[in-house]
Amino acid sequence: MAQLTKTVVMVGMMGAGKTAVGTALARLLGVEFRDSDEEITRAANRSIAEIFERDGEAFFRARETEVISRLLRGNPCVLSTGGGAFLSAANRSLIHDVGVSVWLRADLDLLWQRVRHKTTRPLLRTPNPRETLRTLYEARLPFYAEADLAVDSAADLSVDDMALRVREA
Ligand code: S3P
């Protein structure tokens, strides 16, 4: 199998499956899997919700850029990013320079089904999380559309099938 020469960066909304599909893809490609949220929480020794609460979103975003930039300088791997990472022009340009971005595209209903029972995401701790998700989704689509590749997610596709789709793309 050809060796991976660029880091594959998974982008897209919360609930799109970036971490699950990214993990399966890394296994398929025989490379390491990294997750920017996981790196941030490990370094801070706090959950994402605690970081947002105590340090603020701006602090989280700064850590996110640092982590992405550091991981992109390392060996090619599969890197899953948080749903807001690709909104930053600085992050997009870092990723475009040395990686391949893959937007895991999923419709709003599927995203909602996947995130509705999870209360850990600070941005969805609002009186009407369904509406908040819709607002975020609409505002973010144009940014995700700048990714190098878009791969459609569907409710009836397994994580492994999705990973195969991404590898194909
Ligand atoms: C965020 C998504 C989360 C996490 C943080 C902010 C966002 O990651 O980075 O809560 O802005 O959409 P997931 O996309 O993995 O849920």
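Everything numeric in this text was worked out from a predicted model, so none of it was measured.

Caption draft 1: Fine view of the site of the ligand. Taken together, Met-14, Lys-18, Asp-37, Ile-48, Gly-82, Gly-83, Gly-84, Arg-121, Pro-122 and Leu-123 are the residues near the ligand. In terms of residue class, the shell around the ligand is built from four nonpolar, three polar and three charged.

Caption draft 2: Summary view of the UniProt feature "binding site: substrate" (unreviewed entry) in the protein chain. In this numbering, the UniProt entry assigns the feature "binding site: substrate" (unreviewed entry) to Asp-37, Arg-61, Gly-83 and Arg-140. Along the chain, Gly-83 falls in the loop between strand S3 (78-80) and helix H5 (89-98). Assessed through the 22 C-beta atoms surrounding it within 10 Å, Gly-83 is described here as buried. Non-local contacts of Gly-83, meaning those with residues more than four positions away in its chain, are made with Gly-12, Met-13 and Met-14. Structurally, Arg-140 is set in helix H7 (residues 129-144). The class for Arg-140 is partly exposed, based on 17 C-beta atoms found within 10 Å. Discounting residues that sit within four places of it in the chain, Arg-140 has contacts with Met-13 and Leu-87.

Caption draft 3: How the structure looks around the UniProt feature "binding site: ATP" (unreviewed entry) in the protein chain. With numbering aligned to this structure, UniProt lists the feature "binding site: ATP" (unreviewed entry) at Gly-15, Ala-16, Gly-17, Lys-18, Thr-19, Ala-20 and Arg-121. One can find Ala-16 in the loop between strand S1 (7-11) and helix H1 (18-29). Residue classification places Ala-16 among the buried residues on the basis of 25 C-beta atoms within 10 Å. In contact with Ala-16, other than residues within four places in its own chain, are Leu-104, Ala-106, Leu-111 and Ser-153. Residue contacts for Arg-121: discarding those within four places in its chain leaves Met-14 and Val-115.

Caption draft 4: Seen up close, the pairing of strand S4 (residues 99-105). Two elements, S1 and S4, share five bridges in a ladder whose sense is parallel. Directly across from Val-8, in S4, lies its bridge partner Val-100. Looking at chain direction, S4 and strand S5 (residues 149-152) are connected through four bridges and run parallel. Bridging across to S5, Arg-105 finds its partner in Asp-152.

Caption draft 5: Structural view of the environment of Ser-36. Tracing the sequence through the fold places Ser-36 in helix H2 (residues 36-44). A count of 24 C-beta atoms within 10 Å places Ser-36 in the buried class. Separated by 30 residues in the primary sequence, Ser-36 and Glu-66 place their C-alpha atoms 9.5 Å from one another. Beyond its immediate sequence surroundings of up to four residues, Ser-36 is in contact with Glu-64, Val-67, Ile-68, Leu-79, Ser-80, Thr-81, Gly-82 and Ala-85.

Caption draft 6: Inspection of H1 at higher detail. In this model, H1 (twelve residues) spans 16 Å end to end at C-alpha, consistent with the 16 Å of a helix rising 1.5 Å per residue. Packing partners of the buried residues in H1 comprise S1, strand S2 (33-35), S3, S4 and helix H8 (159-168). After H1 finishes, the residue Gly-30 shows a positive phi value of roughly 70°.

Caption draft 7: Structural detail: the pairing of S1. By the criterion of burial, S1 is predominantly enclosed, with five of the five residues buried. Sheet topology note: the S1/S3 ladder contains three bridges and is parallel. Following the sheet pairing, Val-9 is matched in S3 by Leu-79.

Caption draft 8: Expanded view of H7. In a regular helix each residue adds 1.5 Å, so 16 residues correspond to 22 Å; H7 covers 21 Å between its end C-alpha atoms and thus fits that length. Along H7, the largest kink reaches about 30° and is centred on Glu-138; proline Pro-142 follows within four residues of it.

Caption draft 9: Broad picture of the nonpolar core. Of all hydrophobic cores here, the largest spans 36 residues; its most connected members are Met-10, Val-11, Val-21, Leu-25, Val-78, Val-102 and Leu-104. Among the secondary structure elements, those contributing two or more residues to this core are S1, H1, helix H4 (57-73), S3, S4, helix H6 (108-115), H7 and H8. Looking at this core element by element, the count peaks at five residues for H1. When residues no more than four places from it in sequence are discounted, the contact partners of Val-78 are Val-8, Met-10, Gly-22, Leu-25, Ala-26, Leu-29, Val-31 and Phe-33.

Criteria and thresholds
- Residues numbered from 1 in each chain as written.
- Predicted model: local features only at pLDDT ≥ 70, side-chain atom pairs only at ≥ 80, totals over all residues.
- Near = placed C-beta within 6 Å.
- Nonpolar A, V, L, I, M, F, W, Y, C, P; charged D, E, K, R; others polar.
- UniProt positions renumbered as here; feature names shortened; annotations may be inferred.
- Helix = DSSP H or I, 4+ residues; strand = E, 2+ residues; numbered from the N terminus.
- Buried ≥ 20, exposed ≤ 12 C-beta atoms within 10 Å, placed from the backbone.
- Contact = placed C-beta atoms within 7 Å.
- Pairing = 2+ DSSP bridges.
- Expected span 1.5 Å × (residues − 1).
- Bend = angle between axes of the 7 residues up to and from the residue.
- Core = buried A, V, L, I, M, F, W, Y, C linked by C-beta atoms within 7 Å.

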